[in-house]
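These are the residues of each chain, in order.
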Amino acid sequence: MTKQIQLKQVNFQYPGGKSNVLKDVSLEINKGEFLAIIGGNGSGKSTLCKLLNGLIPHYYVGDFTGQVIVNGLVTTDHKVAELSHHVGYVYQDFENQLVSPRVLEDASFAPLNFGFPDYIQRGKRALDLVGLHGHDDEFVWQLSGGQKHQLALAGAVSLNPDILIIDEPVAQLDPFHAEEVYKILEMLNKDHGKTIIVIEHHTEFIAEFCDQVVLMDAGQIIWKKQTNDALKEVDHLLASKIYPPQVTQAAYQCGQFKNNELPVRLEEALNQFPIQLNNHKDEFPRSNYSHLAERDKLVELKQVSFSYKMVNRSRKKVLKDINLDIHHGDLVALVGNNGAGKSSLMRLITGLVKPEKGNVYVEGKNTRNYSPEKLADTVTYIYQNPEEMFIEDCVRKDVEFYLKARKVPGYEKIVEDVLRQFDLTDLQDNDSRLMSGGQQRRASLAIGVAMEPSIILLDEPTANLDIATRKHITKLIDSLKEQIISVIIATHDMQLVAEWANRIIVLHEGEVIHDGDRESVFSNVSLLELAGLKPPQILELSRKLHMSPLAYTVEEFVHALKKEENPSGIYTEII
């Protein structure tokens with residue numbers, strides 16, 4: 001196979017850093033590989049990838065030693081502009097790569113600025129390749145999150161590079177669009193011979209689409225293996241706080257398999273768990289969620305519609321005739337594909353925006369008559385991007401800002417307790433903006449909880465986090481039910497939904513199409529398909545095995561398997 005990328009004993013340290021971010025890194029990547037780079041937050045994944053298009057050391061200066069060769073070019077001898085013909089890069093914050101107002105203009109931007117006379121044709125071809133045919137004249141802000149991600153990819157593809165790097169391909173995307181992005185990458189790899197490199201935390205996607213895996217830890221390459229072998233290295237992965245696919249975890253925890261027998265894909269697991277079941281299948285409830293009607297209402301939305309004005313002065317309808325009540329004790333997951341209206345609904349509850357029609361009541365107050373500042377005593381909204389929550393120059397000042405502004409007596413003790421609750425005591429003097437993604441999430445949660453609201457709203461609280469950090473954040477979110485009357489989360493994280501929510505509201509094209517519990521949602525295949533949702537892998541496995549009740553976590557699945565025989569007689573044979 002042709003060696004396309006070579007890293008030879010590379011070391012790198014950012015200015016002012018205390019130690020090397022990359023330490024004696026040597027790696028070879030062959031032409032046509034579909035490679036996943038995995039590792040915990042801070043392991044050096046993004047830094048390594050920035051070597052490949054010359055951003056390091058040309059743009060990000062620092063102490064650099066070693067050699068990087070891409071398509072025969074030593075990167076230190078060639079400018080970033082020249083290397084961009086060989087390496088396309090889609091960053092984690094991909095929206096910052098969108099620089100033109102209309103779709104085709106953006107896709108054509110790079111070839112235009114490199115002076116290609118056929119820049120329009122290159123842009124059109126790139127849009128076709130990534131699945132955006134027919135969107136040429138649309139404004140970028142008209143696109144859904146998934147489509148914006150595809151447009152950023154089109155911008156990278158427009159120069160026809162041999163190598164594509166995508167940092168967190170599925171971040172901020174609903175499950176349907178996440179799979180669509182990976183299918184596009186698979187097509188570019190198999191049909192067009194592109195070398196694909198992804199930085200990824202979701203090992204289920206790695207198992208399905210990638211053929212090679214590199215594990216990094218503390219700035220070093222631990223190993224590079226074929227995907228099937230890599231994802232069976234459970235001990236190695238867990239030591240680096242990487243969680244294998246749920247079916248792999250389940251088989252490993254059962255203790256019945258040798259490592260080389262562990263399944264890494266759902267189809268393999270179906271053959272690995274030969275459970276003999278009788279023909280009995282429970283019918284799961286599909287009725288709307290109504291038994292909380294006896295509880296006190298915190299929020300009421302009555303015939304609420306919302307739209308915003310477009311550039312051409314027309315209005316885009318986002319929410320349509322929403323009728324919804326939120327009660328004491330509700331742990332609500334707002335789910336649906338990108339553009340369904342989840343974030344808009346939450347902003348209406350905060351009073352940041354007012355309904356076009358209908359009324360929103362928060363603890364009996366009509367939000368039309370109150371400013372967001374007045375409603376902040378009752379409702380706290382924690383943004384998807386934690387940086388938007390930070391005002392001061394350190395964590396402690398950010399957490400105490402609201403309390404000091406409202407002159408809350410004894411606020412110092414509240415701040416101390418909240419910092420302790422979110423493991424921030426040792427970080428309280430750090431600048432919140434300079435912390436890791438997981439630390440920033442904890443800080444933004446602490447800011448919201450310190451305000452002591454009745455209702456807390458969280459927009460994608462686990463986005464862009466590795467699985468270990470997501471699990472930590474999930475535990476912190478779970479603890480909120482002890483001190484917050486109601487919690488509402490807008491999320492694409494179906495594992496969080498399955499494990500945490502007692503109520504799931506499904507939005508689709510601005511309408512509530514289902515309001516129920518996890519059984520009524522995850523057992524309704526047509527609903528999942530319509531809303532672009534995908535159950536957690538372990539739940540899908542238990543459903544295909546006709547397990548009753550369904551297993552929503554790996555622990556529940558393993559517990560069911562380890563029963564020698566349950567009283568109902570459903571399981572007549574155990575592995």
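Refer to the structure above for everything that follows.
Residues numbered from 1 in each chain as written. Predicted model: local features only at pLDDT ≥ 70, side-chain atom pairs only at ≥ 80, totals over all residues. Heavy atoms only, no water.

## Points about the overall build of the chain
Counting its secondary structure elements, the chain contains 24 helices and 20 strands. The C-alpha radius of gyration computed for the chain amounts to 25 Å, which stays within 12% of the reference 25 Å derived for 575 residues, consistent with globular compactness. With the C-alpha coordinates of the chain rotated into their principal frame, the extents come out at 70 × 60 × 50 Å. Put simply, the chain has 575 residues, and 55% of those count as buried. Summarising the internal contacts of the chain: among those between residues at least 6 apart in sequence, 66% fall at separations of at least 24. Per element, the accessible surface of the chain, about 24,800 Å² overall, is 46% carbon and sulfur. Here the chain contributes 61 positive and 79 negative side-chain charges, whose respective centroids are spaced 3 Å apart. (Helix = DSSP H or I, 4+ residues; strand = E, 2+ residues; numbered from the N terminus. Rg over C-alpha atoms; globule rule 2.2 N^0.38 Å. Buried < 20%, exposed > 50% of the residue type's maximum accessible area, 1.4 Å probe, protein only. Contact = heavy atoms within 4.5 Å. Areas by Shrake-Rupley, 256 points an atom, 1.4 Å probe, with all protein chains shown as cover. Lys, Arg positive; Asp, Glu negative; His and termini not counted. Charge placed at Lys NZ, Arg CZ, Asp CG, Glu CD.)

## As for the sheet that holds strand E20 (residues 511–516)
Strands sit in the order E16-E17-E18-E13-E19-E20 across an open sheet of six strands; the sheet is mixed. Bordering the open sheet on either side are strand E16 (379–382) and E20, each of which pairs with just one other strand. The sheet shows a mean angle of 15 degrees between the axes of neighbouring strands, direction not considered. (Pairing = 2+ DSSP bridges. Axes fitted to C-alpha atoms, helices over the stretch in contact; angles between N-to-C directions.)

## Comments concerning helix H23 (residues 537–544)
Most of H23 sits out of view: six of its eight residues are buried. Taken as a whole, H23 has its buried residues at Gln537, Ile538, Leu539, Glu540, Leu541 and Ser542. The secondary structure elements touched by the buried residues of H23 are helix H9 (203–209), helix H12 (246–254), helix H13 (266–272), helix H21 (518–522) and helix H24 (554–561).

## Observations concerning the packing of helix H16 (residues 395–405) against helix H18 (residues 437–450)
Think of two packed helices as two axes; the pair is described by the angle between the axes and how far apart they sit. Two elements in contact, H16 and H18, have axes whose closest approach is 8 Å; the angle formed by their N-to-C orientations is 20 degrees. Comparing the axis directions of H16 and H18 gives the class roughly parallel. Considering only the axes of H16 and H18, their crossing is right-handed. The residues of H18 that touch H16, namely those facing Asp398, Val399 and Leu403, are Ala446, Ile447 and Ala450. Its residues assigned to classes, the contact of H16 with H18 comprises five nonpolar, no polar and one charged. (Parallel < 35°, antiparallel > 145°, perpendicular 65-115°, else oblique. Left-handed = near helix turned anticlockwise from the far one by under 90°. Nonpolar A, V, L, I, M, F, W, Y, C, P; charged D, E, K, R; others polar.)

## Remarks on the packing of H16 against helix H17 (residues 411–421)
Running from N to C, H16 and H17 cross one another at 135 degrees; their axes reach a closest spacing of 10 Å. Taken as axis vectors, H16 and H17 run oblique relative to one another. Taken as a pair, H16 and H17 cross one another with a handedness that is right-handed. Listed contacts from H17 to Val395, Arg396, Val399, Glu400, Leu403 and Lys404 of H16 are Tyr411, Glu412, Ile414, Val415, Glu416, Val418 and Leu419. Among the residues forming the contact of H16 with H17, the class breakdown is eight nonpolar, no polar and five charged.

## A short note on the nonpolar core
In terms of nonpolar packing, the biggest core is built from 54 residues, with Val399, Phe422, Leu445, Val487, Ile504 and Phe522 touching the most fellow members. Residues in contact with Phe422, not counting those within four places in the same chain, are Arg442, Leu445, Ala446, Val449, Leu476 and Leu480. Grouped together as the second largest cluster of nonpolar side chains are 47 residues, Val90, Leu98, Val170 and Ile184 included. (Core = buried A, V, L, I, M, F, W, Y, C linked by side-chain atoms within 4.5 Å.)

## A closer look at the sheet that holds strand E11 (residues 297–309)
Sheet architecture is open: four strands sit in the order E12-E11-E14-E15, paired in antiparallel fashion. At either end of the open sheet lies a strand with only one pairing partner, and these are strand E12 (315–327) and strand E15 (365–366). Here five bridges tie E11 to strand E14 (residues 357–362), and the two strands are oriented antiparallel to one another. Bridge assignment links Glu300 to a residue of E14, and that residue is Tyr361.

## Focus on the pairing of E11
Relative to E12, E11 is paired through nine bridges, and the arrangement is antiparallel. The partner of Phe306 across the bridge, within E12, is Leu319.

## Considering the side chain of Thr462
Its location among the elements puts Thr462 in the loop between strand E17 (455–459) and helix H19 (467–479). At a separation of 2.9 Å, a polar atom in the side chain of Thr462 contacts the side chain of Asp493. Excluding its chain neighbours within four sequence positions, the residues that come into contact with Thr462 are Arg470, Ile473, Thr474, Thr491, Asp493 and Leu496. (Polar contact = N/O pair within 3.5 Å; in protein donor to acceptor, adjacent residues only side chain to side chain.)

## A short note on empty space enclosed by the protein
On inspection of all chains with the given rule, the structure shows two cavities of 30 Å³ or more. Lining the largest cavity are Ile382, Tyr383, Arg441, Ser444, Leu445, Leu458, Asp459 and Pro461. Where the lining of the largest cavity is concerned, the elements lending two or more residues are H18 and E17. Across the lining of the largest cavity, the residue classes tally to five nonpolar, one polar and two charged. In this structure, the second largest cavity encloses a volume near 30 Å³. Residue lining of the second largest cavity: Val90, His149, Leu153, Ile166, Val181 and Leu185, and that is the complete set. Secondary-structure elements contributing two or more residues to the lining of the second largest cavity are helix H7 (145–157) and helix H8 (175–190). Residue composition of the lining of the second largest cavity, by class: five nonpolar, one polar and no charged. (1 Å grid on protein atoms, 1.4 Å probe; cavity = no way out; pocket = protein on both sides within 12 Å on 5 of 7 lines; lining within 4 Å. Points joined across faces, edges and corners; volume = space filled by probe spheres on them.)

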